[in-house]
Number of protein chains: 2
Amino acid sequence: MTQESPQSQSQSDADDGRNERHRARMARKKEVVDDKIAQAQRDCGVIVITTGNGKGKSSSGFGMVVRAMGHGMKTGVVQFIKGAIPTGEETFLRRFPSECEFYVMGEGYTWETQDRTRDIAKAEAAWEQARRMLRDPSFALVLFDELNIALKLGYLDVNTVIADLQARPAMQHVVITGRGAPQALIDAADTVTDMTPVKHAFAQGIRAQAGVEM
Amino acid sequence: MTQESPQSQSQSDADDGRNERHRARMARKKEVVDDKIAQAQRDCGVIVITTGNGKGKSSSGFGMVVRAMGHGMKTGVVQFIKGAIPTGEETFLRRFPSECEFYVMGEGYTWETQDRTRDIAKAEAAWEQARRMLRDPSFALVLFDELNIALKLGYLDVNTVIADLQARPAMQHVVITGRGAPQALIDAADTVTDMTPVKHAFAQGIRAQAGVEM
């Protein structure tokens, strides 16, 4: 249209008003965000925990691993409990051995093995790998995937784990995933998210899909 | 010790009891898990949404992208809202242009630009890229990072977005992240997780860390 009707004129005025209100709201938001940023100026290695029953705990850990790799940071992964079937994330990350060191505990989920003594020995061997990374400042970010389950089942001592975490290099980040994170570990962490399920495809008869769940 | 004391003998008995109870509990769990797996046998492309105020939404999306890449699946990423500063995930994934097509809307957060008209035009251009991927069955998994924010701010029409999602190839997976996912989108999704913050390093004066938050 080349000619403006009175209606479109008034609509244009209304749009201007909406844009102006948006601008004012975003300017206030920017002040709040800038102020928060000004207050948070400390750099240090952080402990991030993702727990809860929802989907996304391990995925978010692997997302942080590749994010760190994008910054040229050396990463390490120790997978607890999982491991009978190679996952997509394992296959992918093993392509970059100098950027990401990948250790899998093996033997699959504990309800497949049903052997507590063997599970404990495997968890302890996996923690030895984790401890080695925690003592090596060349690792900028390490992921201990499903560690919470090993702690919940009592396969590892939570106080030993926390002591090893606290003795790590000052700038090293640690990401820990799995359901049922113990309270003592949550207390020792900097950032904790509970992944709360709203709905899951599995409940609707859709099985685990490559790329999404494995 | 080569000789066993009565005490260690009784402790060994107790351990045997614990192991036996563990085995029985895990055998029951295996039955439940196996039964659930037997019921969930359908394969199809799923819509996964990660929303809420906690850390891990975008990270989990990028975790699924690399998980899919590990299975040799072609992936696509469209980032809405974010983009003023290149992130670790962008730098990393741009190394694999034949495995992951990466599109960033650019211009940074909306409270930086404070210009609603420009934000809408940019969101619409980004959705054009998303729609192109949704019409191309060569993409096995696509990530629309921070799309929920563009919907929440009214930059895109949720019904148009849902119609484009529902018209996609049957086996294509879609991951959508960002705070404030609209209810209509949640209703259209297969798996939805609310990432609930328990604590965050930011509140303790630690600023965003490379590899963890960006």
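What you see is a predicted model; the values in this text were computed from it and never measured.

Reading guide: rules and limits
- Residues numbered from 1 in each chain as written.
- Chains lettered and ligands numbered in written order.
- Predicted model: local features only at pLDDT ≥ 70, side-chain atom pairs only at ≥ 80, totals over all residues.
- Heavy atoms only, no water.
- Least-squares fit on C-alpha atoms with pLDDT ≥ 70 in both.
- Contact = heavy atoms within 4.5 Å.
- Axes fitted to C-alpha atoms, helices over the stretch in contact; angles between N-to-C directions.
- Helix = DSSP H or I, 4+ residues; strand = E, 2+ residues; numbered from the N terminus.
- Parallel < 35°, antiparallel > 145°, perpendicular 65-115°, else oblique.
- Left-handed = near helix turned anticlockwise from the far one by under 90°.
- Nonpolar A, V, L, I, M, F, W, Y, C, P; charged D, E, K, R; others polar.
- Core = buried A, V, L, I, M, F, W, Y, C linked by side-chain atoms within 4.5 Å.
- Buried < 20%, exposed > 50% of the residue type's maximum accessible area, 1.4 Å probe, protein only.
- Pairing = 2+ DSSP bridges.
- pLDDT = per-residue confidence, 0-100.
- Polar contact = N/O pair within 3.5 Å; in protein donor to acceptor, adjacent residues only side chain to side chain.
- Patch = residues over 30% accessible without salt bridge, like charges linked within 9 Å, V, L, I, M, F, W, Y side chains within 5 Å.
- Areas by Shrake-Rupley, 256 points an atom, 1.4 Å probe, with all protein chains shown as cover.
- Salt bridge = Lys/Arg side-chain N within 4 Å of Asp/Glu carboxyl O.
- Lys, Arg positive; Asp, Glu negative; His and termini not counted.
- Charge placed at Lys NZ, Arg CZ, Asp CG, Glu CD.
- Buried area = accessible area lost by both parts, 1.4 Å probe.
- Expected span 1.5 Å × (residues − 1).

K.L.:
Can you tell me about the relation of the copies chain A and chain B, naming the residues and giving the values?
P.N.:
For the pair chain A and chain B, the best superposition has an RMSD of 0.0 Å and corresponds to a rotation of 180 degrees with a translation of 0.0 Å parallel to the axis. What the rotation and shift describe, once combined, is the action of a two-fold rotation axis. Mapped onto chain B, 100% of the interface residues of chain A again fall at the interface, so both copies present the same surface.

K.L.:
Lay out the packing of helix H5 (residues 116–134) of chain B against helix H7 (residues 158–166) of chain B with the relevant residues and their values.
P.N.:
All names here are of chain B. At a minimum axis distance of 9 Å, the contact between H5 and H7 shows a crossing angle of 20 degrees. If you check the angle between H5 and H7, you find them roughly parallel. Between H5 and H7 the crossing geometry is left-handed. Two secondary-structure elements touch here, H5 through Trp 127, Arg 131 and Leu 134 and H7 through Thr 160, Val 161, Asp 164 and Leu 165. For the contact of H5 with H7, a count of residues per class yields four nonpolar, one polar and two charged.

K.L.:
Give me the nonpolar core: which residues, what numbers.
P.N.:
Of all hydrophobic cores here, the largest spans 48 residues; its most connected members are Leu 93 of chain A together with Leu 93 of chain B. Listing elements by their share of this core, those giving two or more residues are helix H2 (57–70), helix H3 (88–93), strand E3 (100–104) and strand E4 (141–145) of chain A together with helix H2 (57–70), helix H3 (88–93), strand E3 (100–104) and strand E4 (141–145) of chain B. If near-sequence neighbours (up to four positions away) are discounted, Leu 93 of chain A is found in contact with Phe 62, Val 65, Val 66, Met 69, Val 77, Cys 100 and Phe 102 of chain A.

K.L.:
I'd like a rundown of the pairing of strand E6 (residues 191–199) of chain B, residues and numbers included.
P.N.:
As judged from the seven bridges shared by strand E6 (residues 191–199) of chain A and E6 of chain B, these two strands associate in the antiparallel manner. Residue pairing for E6 of chain B: Asp 194 of chain A is matched across the bridge by Thr 196 of chain B. Pairing of strand E1 (residues 47–51) of chain B with E6 of chain B, which is carried by four bridges, proceeds in the parallel orientation. Looking at the pairing, Thr 50 of chain B lines up with Thr 193 of chain B of E6 of chain B.

K.L.:
With reference to specific residues and values, describe the sheet that holds E4 of chain B.
P.N.:
Spatially, E3(A)-E2(A)-E4(A)-E5(A)-E1(A)-E6(A)-E6(B)-E1(B)-E5(B)-E4(B)-E2(B)-E3(B) is the arrangement adopted by the 12 strands of the open sheet, whose pairing is mixed. Strands at the two margins of the open sheet, each flanked by one partner only, are E3 of chain A together with E3 of chain B. Within the sheet, the average angular offset between the axes of one strand and its neighbour, ignoring direction, is 15 degrees.

K.L.:
Explain the pairing of strand E5 (residues 173–177) of chain A to me, using residue names and the numbers behind them.
P.N.:
Residue and element names in this part refer to chain A. Burial runs high along E5: five of the five residues are buried. Burial along E5 is two-sided: the face carrying His 173, Val 175 and Thr 177 and the face carrying Val 174 and Ile 176 are both buried. In this structure, strand E1 (residues 47–51) lies alongside E5, joined through four bridges in parallel fashion. Directly across from Thr 50, in E5, lies its bridge partner Thr 177. Strand direction decides the pairing type here: E4 and E5, joined by four bridges, are parallel. In the strand pairing of E5, Leu 141 is matched with His 173.

K.L.:
Quick rundown of the side chain of Asp 164 of chain A? Include the residues and the values.
P.N.:
All names here are of chain A. Tracing the backbone through its elements, the reader meets Asp 164 in helix H7 (residues 158–166). You can call Asp 164 buried: its relative accessible area is 13%. Beyond its immediate stretch of four places on either side in the chain, Asp 164 contacts Trp 127, Arg 131, Leu 134 and Arg 135.

K.L.:
Describe in detail the confidence of the model for chain A, supporting the description with residues and values.
P.N.:
Per-residue pLDDT for chain A has a mean of 87; in total, 87% of the residues score no lower than 70. Of the regions scoring below 50 in pLDDT, residues 1–10 of chain A engages in one contact with residues more than four places distant in sequence or in other chains.

K.L.:
Could you give me a rundown of the environment of Glu 213 of chain A, with the residues and numbers involved?
P.N.:
Residues and elements named next belong to chain A. Along the polypeptide, Glu 213 turns up in the segment after E6. A C-alpha to C-alpha distance of 9.1 Å links Glu 213 and Gly 88, two positions 125 residues apart in sequence. Of note is the side chain of Glu 213, whose polar atom sits 2.9 Å from the backbone nitrogen of Gln 209.

K.L.:
An account of a positive patch on the surface is requested, with residue identities and associated values reported.
P.N.:
A surface patch of positive charge is lined by Arg 18, Arg 21, Arg 25 and Arg 28 of chain A. We classify Arg 21 of chain A as exposed; its relative accessible area is 54%.

K.L.:
Lay out the interface of chain A and chain B with the relevant residues and their values.
P.N.:
Facing the 82 residues of chain A at the interface are 82 residues of chain B. Taken over both partners, the interface formed by chain A and chain B buries close to 7,300 Å², and the fraction arising from carbon and sulfur atoms is 56%. The tally of links between chain A and chain B comes to six salt bridges. With a closest N to O distance of 2.8 Å, Glu 89 of chain B and Arg 67 of chain A form a salt bridge. Linking chain A to chain B there are 45 residue pairs in polar contact (both at pLDDT 80 or more). For the side of chain A that touches chain B, the secondary structure elements donating two or more residues are helix H1 (6–39), H2, H3, helix H4 (110–113), helix H5 (116–134), helix H8 (183–188) and E6 of chain A.

K.L.:
Talk me through H2 of chain A; I want residue IDs and the actual numbers.
P.N.:
All names here are of chain A. Here H2 spans 20 Å end to end across 14 residues, near enough to the 20 Å set by a 1.5 Å rise per residue. Within H2, 14 of the 14 residues are buried, which leaves it mostly tucked inside the rest of the structure. The first or second residue beyond H2 is Gly 72, which carries a positive phi of 75 degrees.

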